[in-house]
Structure formats: structure tokens, C-alpha cells
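Close look at the chain arrangement
Listed below, chain by chain, are the residues.
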Amino acid sequence: MTVTAGSPAALALGDDALVLSHRLGEWAGRAPVLEEDVALANIALDLLGQARVLLSMAGDEDELAYLREERAFRNLQLVEQPNGDFAHTIARQLYFSTYQRLLYAELAAGDGEFAPLAAKAVKEVAYHQDHAEHWTLRLGDGTAESHERMRRACEALWRYTGEMFQPVEGVDVDWPALQGHWLASVSAVLRRATLDTPEGPRTGAWSAGAGRQGLHTEPFGRMLAEMQHLHRSHPGASW
């Protein structure tokens, strides 16, 4: 089945939120402490709410979520990366929520089609960023083991961060300025956490910069099969 979509920008931003929401939802019942079980679930629900609005702007939200093939998704490769250990999840969240807050703040200040959503979502994302920063500091400046795990996680995901600042058709922001603010913000948090800003490239071959073109990393296919399984197994079912 071919599922057509409207706004490329709504699709890209909606896919980011949808995929990361599912990844965070995978922590349900598995987080290190009960409080984090609740916190990660709440962040996942915030992102799912954003995804529903954005995908509805691009077409039928259920069809777009559950009936598209892998190559039709336009999410960043960063958000599809597996949870890994808790430090890995936190590094992914730090990178993405910092980017998302800066992006939504700019969109909320304008008068484009995304301004109403961004004005509401930026308040949610500020919490997401604060949560990620808190844990980055706690792990980075904690025990020798937590510091090493956080360092490895930050370095492993660094190569996926450049893609966030590739212009998205229909999103009118100053992408170079956004990238500069992001780098300054993330670097400041890492310094406070006694962590070095990774030195590796933030863009590279297709495997680290083409999610917007529908090229995804190997774990994404497995995640998508799990996410779409129930809907595809019972087409047309209602609850």
C-alpha cells in the first residue's frame, strides 16, 4: 500500500517525535528507578502528542504511522538509535531536546503554520531538556563508571547530530545560527558534567546524515516492524 503525505516539513518533524516517542516507550517497566519509568513515559507521551498534530497536518495520522514503509519515513537517524544503556538514552535525549527546544522557540516566535504547535510544545520540550541535562550532570560527574558510560554514549551519538541542522523544506529558520546555539548549549552542559565535547565529525557518510531522505540505520527496520505489527495484523479494527 502506498501512503501519500502532504507537508514535507510536518512529516519530518512528526516522524522525529513519533520515532523517539516509541523508543522512550520501550523503557516502560525497565527504567533504573520507578520515578524514571514515569518520567520517560511522560516525555514519550508529550512527543506522541506532538507527532499526532504534525502527522495530521501531513495526512491521515494512523496511515502515516502504521502503513508506510521504512524508506518513506523522514525522521532524523539520531532518534531511531536504540536505547542502549541509560546513559545512551540520556545522551540521545540531551542532543535532541536541546535542538527541539531551540527550533520550536524560533517557530513559536513566527507566524507560520507551526507557530501554534510550537508555542505549546516548547514548554514541554523545556522540561525534556531539563531532565536530560540533570541526568547528564548526575552521570558525568558521578562515579568513575557512570562518567565513562556517559562519555561513551556522547561520543557514540555525536556523529548523528549534524543532520539536525540540514534545512527542512517548509521550515523557515536560520539553520546555521540554530546550530551555533545548539553547540554552545550542549558544550556548556558537558563541561559542567566534567565531560569533553566529542571531537569526531558530526556528519559523515549516508549512514549518519540521510534520515531526511529516507535512508535509515539497521535498528530502525526492527523497531518499525514492532511498532506497526498490531495495526497491520488487524487492518480496519476499531477499539
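In this report, we go over the structure that sits alongside the text. Given the structure is predicted, the values throughout are model-derived calculations rather than measurements.

Tallying each qualifying case throughout the model produces 11 salt bridges. Ionic pairing is found between arginine 23 and glutamate 26, a salt bridge with its closest N-O pair at 3.1 Å. Both residues of the pair, arginine 23 and glutamate 26, belong to the buried class. Look at the salt bridges and you will find they share partners, linking Glu148, Arg151, Arg152 and Glu155 into a network.

For the pair helix H6 (residues 115–140) and helix H8 (residues 175–192), interaxial distance at closest approach is 8 Å and the crossing angle is 35 degrees. Relative to H8, the crossing made by H6 is right-handed. Contacts from Gln129, Glu133, Thr136 and Leu137 of H6 reach H8 at Ser185, Val189, Leu190 and Arg192. Here the residues of the contact of H6 with H8 are counted per class, giving 3 nonpolar, 3 polar and 2 charged.

Next up on the list: the nonpolar core. Counting residues in hydrophobic clusters, the biggest one holds 70 residues, and the most contacted among them are Tyr99, Leu103, Tyr104, Leu107, Val171, Trp175 and Trp182. With 12 residues, helix H5 (residues 86–109) is the single largest residue contributor to this core. Ignoring any residue separated from it by four or fewer positions in sequence, one finds tyrosine 99 in contact with Leu13, Asp16, Leu76, Met164, Phe165, Trp175, Leu178, Trp182 and Arg212.

With that out of the way, let us pick up empty space enclosed by the protein. Counted under the stated rule, the structure contains 1 cavity of 30 Å³ or more. Put simply, the largest cavity is a space of about 40 Å³. As for the largest cavity, its lining consists of Leu13, Asp16, Phe96, Tyr99, Gln100, Leu103 and Tyr104. For the lining of the largest cavity, the elements supplying multiple residues, two or more each, are helix H1 (8–25) and H5.

Attention now goes to the side chain of serine 187. Topologically, serine 187 is positioned in helix H8. Its relative accessible area of 10% is what places serine 187 among the buried residues. Among the polar contacts made by the side chain of serine 187, one reaches the side chain of threonine 197 at a distance of 3.3 Å.

What counts as what
- Throughout, residues of each chain are indexed from 1 in the direction in which the sequence is written.
- pLDDT decides what is reported in this predicted model: residues at 70 or higher carry local features, side-chain atom pairs at 80 or more are listed and counted, and totals for whole chains, interfaces and linings draw on all residues regardless.
- To obtain the side-chain values, all non-hydrogen atoms of the structure were used and water was disregarded.
- Between Lys or Arg on one side and Asp or Glu on the other, a salt bridge is scored when a side-chain nitrogen of the former is within 4 Å of a carboxyl oxygen of the latter.
- Accessible area is worked out with a 1.4 Å probe on protein chains only. A residue is then buried under 20% of its type maximum, exposed over 50%, and partly exposed in between.
- To get an axis, a line is fitted to the C-alpha atoms, and for a helix only the part in contact is used. The angle between two axes follows their N-to-C directions and goes from 0 to 180 degrees.
- Note on conventions: DSSP H or I runs of at least 4 residues are helices, E runs of at least 2 residues are strands, and numbering of each starts at the N terminus.
- By definition, any crossing whose near helix is turned counterclockwise from its far helix by less than a right angle is left-handed, and any crossing with a clockwise turn is right-handed.
- We call two residues in contact whenever any of their non-hydrogen atoms come within 4.5 Å of each other.
- Residues are grouped as follows: Ala, Val, Leu, Ile, Met, Phe, Trp, Tyr, Cys and Pro are nonpolar; Asp, Glu, Lys and Arg are charged; every other residue, Gly included, is polar.
- Residues belong to a common nonpolar core when they are buried Ala, Val, Leu, Ile, Met, Phe, Trp, Tyr or Cys residues joined through side-chain atoms within 4.5 Å.
- Using only the protein atoms, space was sampled on a 1 Å grid; points where a 1.4 Å probe fits but cannot get out form cavities, open sets with protein on both sides within 12 Å along at least five of seven lines form pockets, and lining residues are those with an atom within 4 Å of a point.
- Grid points are joined across faces, edges and corners, and a volume is the space filled by probe spheres set on the points.
- N or O atoms closer than or at 3.5 Å make up a polar contact, with two conditions inside protein: a donor-capable atom paired with an acceptor-capable one, and, for residues adjacent in sequence, both atoms drawn from side chains.

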